[in-house]
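# Remarks on the overall topology
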Amino acid sequence: MRLCEWFKKRKNKMNENLHDEQIIKRGLKPVIGIVVTTFDKGGLEQVVLKLYLGYKQQGYQVYMLCQENIIGVMGNEIADGELFVFDSNLKLFLHYLYEKNITLLHYHYNTFGCIEAKARGVHAIYTMHNVYTWKSDAEIMEYSKILNNMDKVLPVSNFVKNYYLSRTGANNDLYVIYNGIDFDEISNDYLPDYLTRRALKLGNEDIVIAFVASFYPVKYQIGMIGVMEKLVIRYPDVKLLFVGNSENEYYQEFLKSYSDSSAKANMQVVPYFEHKYMGAFLRQIVDIFTLPTLQEGCSNAVLEAIYCDKPMVLTDVGNAMDINYLDYCEVVPAAYKNIVNTSNAEILQISLQKDSVNKRHLVEAFSKIIENLDKYKQDAKISGDMKKRFGTELMVQQYIDIINEVTS
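The structure displayed is predicted, hence computed values, not measured ones.

### Section: the confidence of the model for the protein chain
Confidence in the prediction for the protein chain averages 91 pLDDT; 93% of positions are at 70 or higher. Low pLDDT, under 50, characterises residues 6-11; the predicted model gives this stretch 17 contacts beyond four residues in sequence or across chains. Across residues 13-26, where pLDDT falls below 50, the model places six contacts with residues more than four positions away in sequence or in other chains.

### Some remarks on the pairing of strand E1 (residues 32-36)
Within E1, five of the five residues are buried, leaving the element largely enclosed by the surrounding structure. Where burial is concerned, the two faces of E1 agree: the one with Ile32, Ile34 and Val36 and the one with Gly33 and Val35 are both buried.

### Observations concerning unusual backbone geometry
Note on backbone geometry: most residues besides glycine have negative phi, and most peptide bonds are trans. Backbone geometry at Lys201 places phi at a positive 60°, although glycine is not the residue there. Positionally, Lys201 belongs in the loop between helix H8 (183-186) and strand E7 (207-212). For Lys201, a relative accessible area of 73% translates into the label exposed. Although it is not a glycine, Asp309 adopts a positive phi angle of roughly 65°. For Asp309, the location among the structural elements is in the loop between helix H12 (300-307) and strand E11 (312-315). Looking at Asp309, the relative accessible area reads 24%, which means it is partly exposed.

### Some points on the packing of aromatic side chains
One pass over the full model with this rule turns up 20 aromatic pairs. Here the aromatic rings of Phe211 and Phe242 are separated by 6.0 Å at their centres, their planes lie at 35°, and the arrangement is tilted. Of the two residues, Phe211 is situated in strand E7 and Phe242 in strand E8 (residues 238-243); the sequence distance between them amounts to 31 residues. Judged by its relative accessible area of 1%, Phe211 falls in the buried class. Taken together, Phe211, Phe215, Phe242, Tyr251, Phe254 and Tyr258 form an aromatic cluster joined through their ring pairs. Lys135 extends its terminal NZ or CZ atom over the ring of Tyr132, reaching a point 5.8 Å from the ring centre. Lying across the ring of Tyr143, Lys135 places its NZ or CZ 4.2 Å from the centre.

### A word on the nonpolar core
Residues Leu65, Phe93, Leu105, Phe281, Phe289, Met312 and Phe366 are the most contacted members of the largest nonpolar core, which totals 116 residues. Sort the elements by how many residues they give to this core and helix H9 (residues 221-234) lands first, with seven residues. Setting aside chain neighbours within four positions, we find Leu105 in contact with Gly33, Val35, Leu65, Phe93, Leu97, Ala117, Val122, His123, Ala124 and Ile125.

### Focus on the pattern of salt bridges
Should their charged atoms come close, side chains of opposite charge can pair. Taken as a whole and judged by the stated rule, the model has 20 salt bridges. Between Asp189 and Arg283 there is a salt bridge; the shortest N-O distance is 3.1 Å. Taken together, the residues Asp189 in the loop between H8 and E7 and Arg283 in helix H11 (residues 278-285) connect sequence positions 94 residues apart. Connected through shared salt-bridge partners, Lys152, Asp173 and Glu405 make up one network.

### Regarding the environment of Gly54
For Gly54, the position within the fold is in helix H3 (residues 43-57). On the basis of relative accessibility, which here comes to 8%, the residue Gly54 falls in the buried class.

### A word on the sheet that holds strand E6 (residues 152-155)
Spatial strand order, E3-E2-E1-E4-E5-E6: six strands in an open sheet with parallel pairing. In this open sheet, the two edge strands, each paired with only one partner strand, are strand E3 (83-85) and E6. This sheet shows a mean twist of 20° between the axes of neighbouring strands, independent of strand direction. One ladder, built from five bridges, connects strand E4 (residues 104-108) with strand E5 (residues 123-128); its direction is parallel. Across the sheet, the residue bridging to Leu105 is Ala124, located in E5. Against the sheet, helix H17 (residues 392-407) contacts E1, E4, E5 and E6, and its axis sits at roughly 145° relative to E5.

Procedures and definitions
- Residues numbered from 1 in each chain as written.
- Predicted model: local features only at pLDDT ≥ 70, side-chain atom pairs only at ≥ 80, totals over all residues.
- Heavy atoms only, no water.
- pLDDT = per-residue confidence, 0-100.
- Contact = heavy atoms within 4.5 Å.
- Buried < 20%, exposed > 50% of the residue type's maximum accessible area, 1.4 Å probe, protein only.
- Helix = DSSP H or I, 4+ residues; strand = E, 2+ residues; numbered from the N terminus.
- Phe/Tyr/Trp six-rings, centres within 6.5 Å; stacked < 30°, edge-to-face > 60°.
- Lys NZ or Arg CZ within 6 Å of the ring centre and 35° of its normal.
- Core = buried A, V, L, I, M, F, W, Y, C linked by side-chain atoms within 4.5 Å.
- Salt bridge = Lys/Arg side-chain N within 4 Å of Asp/Glu carboxyl O.
- Pairing = 2+ DSSP bridges.
- Axes fitted to C-alpha atoms, helices over the stretch in contact; angles between N-to-C directions.

What follows is the structure in structure tokens.
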């Protein structure tokens, strides 16, 4: 039987009331295909992996569909036979849906084959992980047309939702689902010798700030150099650790400002380490967490800092605007007036400037915490019940509720 004929017959059957009743009685669940462009390493991959594992734990058959053959260490977590690279081949992609009987696609930063799959009776949901500053007005309008084919579009924060609606004028029924983190992994207390305070040459009296993010223009590590040059004048014992993947061009730009900075003795770049050590690193090494970035979707690093009881200084992007009710979290304006009116070219230009327009706000926010550090640390110790809202279990369950809604 030809592929298109099979999809057509399946769609007709799914519309028959008797068949629908049989599915309900038998308790059949949709077969899920998670669609990504690559599956290398980073915050996005962490979220996608947790969804894959969470769906499987809830009894769903799940496959990982990767458009390009760029697979990192997280690919080892995918069960044999459940990771498929389709190399941008639509025919191959659709055949895999047929072969594995996939009835729902969950897209991440990708829309490949959505229209064709939907035409063949496959359901589709889309997680909107970030704001699309790199898209021109024409590009984002064209993208919104594709997203209109999805059964549900799910932004990861109100910041992302509001940006998309403002730029597109779309009237989609968007439902925010925040990312969740793995509490078990972040609870690990083992820290390798090379990550101890002694190995990092940190004194007992040092106040340690950690900027946890891979080096990219939107993360804006260069701006924090300018902040530190002001901060160390007030507080000579303040140290800043840059923690994140540095395998990209922006890191080379960062080094130009870092190498000749007057605050260089108070800063260091921590070599990349496995994420399983992040919880222990935050609890044992860090006094203050910061993410003064230019744009975010829903930062896992912020959620991990909350779980690890860390005072925080954030810019008002991503999920920062949704957690600014936490009284140990200082949220300052981003380094531009309005993200909706800020182009990608402007973002790139800002990312290279050591002296940002929000530098004074950041210096004052850090100073406020440093002057009252014991109180901020105490306030950061929130209850286990409050932390549950940031966990993987809640995230997975919310997606399952959506899947049940669109496939019922």
